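Architecture and fold: a report
The lines below spell out each chain.
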Amino acid sequence: MYERVGHKQWERLELSKIRVFSHLASMASRKSAVLKNNEEEKQEEEEEEEVSDSPTEVKMSQIIMPCHCNHRQELCVGQLLKWIDITACLSAERHAMSPCVTASMDDINFEHTIRVGQVVSIKSKVNRAFNSSMEVGIQVSCEDLFSGHHWKVCHAYATFVTQRKETGERVLLKPIVPETQKEQLEYSLAAERRRVRMLHDDIIKDLLTHGCIQQGDSVEFSNAVAAEKTKVESVELVLPPHTNHQVNTFGGQIMAWMVNVATIAASRLCQTHPTLRTIDMFTFRGPSQIGDRLLLKAIVNNAFTDSIEVGVRAEAYQDLGTNRHINSAFMIFEVLDDHGKPCTLPRLQPEPLEGERRFQEAIARKKIRLDRKYIISRKQCEVPLSVPWNPRNQVYLSYNNVSTLKTLASRKKWRLSSEKDKVRLYSLEEKTMLSFRVDTEVDVPAHTAFSLLAELCNRPSWDTYYQKCDLIHQVDDDDFLYHVVTPSVHPKGIHQDFILLASKRRPCGSGDSYVIALRSVLLTSHPPTEGCNRGEVLCAGFIIQDTKNNMSYYNQASPEVLPYISSDIAGLSTSFYNIFSSCREYLTANRLHFQRHA
C-alpha cells in the first residue's frame, strides 16, 4: 500500500519489521496469561479511569439476604431487575427533573450469579439525551465481603422517556455534556445504539420474510415435549406497594413477575431448575395502574441443544375492560451440571399454527443474539476473522465498524513517534495489538473534507498505498462495500487486496464528529484469487472534528498491514508525511469544485 524504497532502506525496513514482529511474538506468547488475568486487569483499569462528577450518576448497593434468593441461595433475577430499574430511573429523573418511565431495555446477559451474603453494586448514568428520551447505562458488579473479590455481573442500556405535562406537552430534555473520555465515548456510541434499537424489529421481520434463517426441524420426536405442557398463566393484582411514585405499576415489578412465570415454563420442559442467562431487548408498550389485573402468559418457544427460549406476554385489564398488551419479553435459560457446564435439553414439539410461528421466530432471535454477541459484544482484546457480510447482519457490522473506530480513538497513552510538516504520527501498543494514528489539520470545512474522503474510489489519487479501489455495492446512504488492491510489500511479490465495509456517519448532535470507518468483511461474490494475497483490516478510518478542522486517521495494524507502517513508526521512512500532505492537497484542490456542485 505504500511507496517503494531503495535497497539500503529496504534492509533497514526488514530489520524494523523483524524488531516489531519479534516484539509482537513475545507479547503473543503471554496472551494466555493476559486473558487469564483479564478480569483483574479490567478492574484495575476501571479504578484508574477518570473520576466522573456527573450529576446523573446514581449508585445502589444491596447485601443479598435469603428473602432475595431462590432455592439455590442465588439472587433472583427478578429482584435484580427491580433494583436495576430503580437505579436507572433515578438517573433519568435527575437529568430530566421530571417524572420518567422505562421505554425499553436492551439485551441483558447475566455473566455470573450472586449468592447470599454477597453485595451487589449497581451504577447508572445518563449517557445521552435526545428530544424527550435518553439512554441510561447500567453496570452491575458483585463483591464478596470475605475474600474482597469483585466481578462483573452484567451491563445494560435502558431507554427512558419523560412523562407529558398536564397540558399534554412533552418535556424537552437538555443535552448531556460529557466530561471524561469514557463519557465522550458512551455519548458518541449512544447514537449508534439508538440506530440499532430502531431497526431491531425490522431485522427479525426481514429474516422471516425472506427465509434467510435455517428452518428448524419441528417434526415429531419420540422424546419431544409438547409446548402445551410448558404453558403458564398467572394473574397479579396491582396494589399500592407495586406502583412507583407516579402511581403506575413499577416496571421492575412487571419484569420480576415475567421472570417468575418464564422460569416455571422452562422448568416444565427440562424438569429441573434452570438458570436465566439472557433477556432479549424488550419494549414497554403501555402503563398499568393500581387496581389493574396483570395477566402473565409464558410458553417455551423453542429448545435448542443447550438453551431454552421462553416467550412471556403481559396484559392488563380491569373488571369489565378489554385486555391491553403492555409488554412482551423473550428469556433464555440454561440448565447447568455440577461443573457449571450447560446440559443437553429435551426437544420441543411446537403447538399447531401459532406455535410454529413462535418456533421459527425463536430461531431468528437466536441468530440475532449470535450476531450481536460475535460482532457487537466482542471484547476489544479479541481479534476476529473477517465476518461474512450479508444484508441481515449489516446493521450489526456497521455498528461494530463505527464503535470499534471510536473506541480506538478514545484510547489513552498514544505516543508521539514523529512529526513533520504539521503531520503527527502516533503509535499505541496494547497487549498483542499495535495501532497508529496520523493527525493533521486541513484548511477545509469538516463537512467538505468528510464528503471528499468518503468517496473511497478517489483515494488512489492521493494515497500510494491504494493502487485500486472499486465500489462493489452501495448498501444504503451510509454503508458501502469496496474492493481495494494494494502494492506488494516485497520486491516482485504479488499484490494484496481487501474487501472493506465503509461506514460513514455525519454528526447527529453537538459533540459528535464526522466518521468514516473501515473494516474487512467476507463476500461470497468476491473470494480470494490467485493473483492477490487477501489481507484483513481490523479497524481503520477517519475521524474529523467539526470545530477544529482536525483530521485523524487510525489503523489497527494486522499482520497484512504492519509491514507497510513499520518503517514509518521506526522513523526509517517519511511515506506517511508524503501521503497525508498529498491528502491535504487533494482536499484543498477539490474544495472549490465540491462547493460548486454541493
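For the chain, an unreviewed UniProt entry supplies the name Acyl-CoA thioesterase 11 and the organism Takifugu rubripes. Quoted verbatim from the Pathway (unreviewed entry) field of UniProt, the annotation for the chain is "Lipid metabolism; fatty acid metabolism." In the Catalytic activity (unreviewed entry) part of its UniProt record, the chain is described as follows: "butanoyl-CoA + H2O = butanoate + CoA + H(+)".

1. Notes on the environment of Met433
You can see Met433 is positioned in strand S18 (residues 433-441). Met433 gets classed as buried once you look at its relative accessible area, which sits at 11%.

2. What about the side chain of Asn401?
One can find Asn401 in helix H8 (residues 394-409). Judged by relative accessible area, which is 2%, Asn401 ranks as buried. In this structure the side chain of Asn401 is engaged in a polar contact, spanning 3.0 Å, whose partner is the backbone oxygen of Ala517. Dropping the residues within four chain positions of it, Asn401 is found in contact with Leu501, Ala502, Ser503, Ala517, Leu518 and Arg519.

3. Focus on the nonpolar core
A general tendency of soluble globular proteins is for nonpolar side chains to be buried together. Grouped together as the largest cluster of nonpolar side chains are 73 residues, with contacts concentrated most on Met134, Ile138, Val310 and Met331. Top element by residues in this core is helix H6 (residues 251-270). It accounts for eleven residues. When residues are assigned to domains, this core turns out to be shared by domain 1 (54-164) and domain 2 (225-382), each giving three or more. Excluding anything up to four places from it in sequence, Met134 contacts Ala92, His95, Ala96, Cys100, Val126, Arg128, Ala129, Ala158, Thr159, Phe160, Thr162 and Leu173. Val438, Met551, Tyr553 and Cys583 belong to the second largest nonpolar core, which has 43 residues in total.

What counts, and where the lines are drawn
- Residues numbered from 1 in each chain as written.
- Predicted model: local features only at pLDDT ≥ 70, side-chain atom pairs only at ≥ 80, totals over all residues.
- Heavy atoms only, no water.
- UniProt positions renumbered as here; feature names shortened; annotations may be inferred.
- Helix = DSSP H or I, 4+ residues; strand = E, 2+ residues; numbered from the N terminus.
- Buried < 20%, exposed > 50% of the residue type's maximum accessible area, 1.4 Å probe, protein only.
- Polar contact = N/O pair within 3.5 Å; in protein donor to acceptor, adjacent residues only side chain to side chain.
- Contact = heavy atoms within 4.5 Å.
- Core = buried A, V, L, I, M, F, W, Y, C linked by side-chain atoms within 4.5 Å.
- Domains from an automatic or database assignment.

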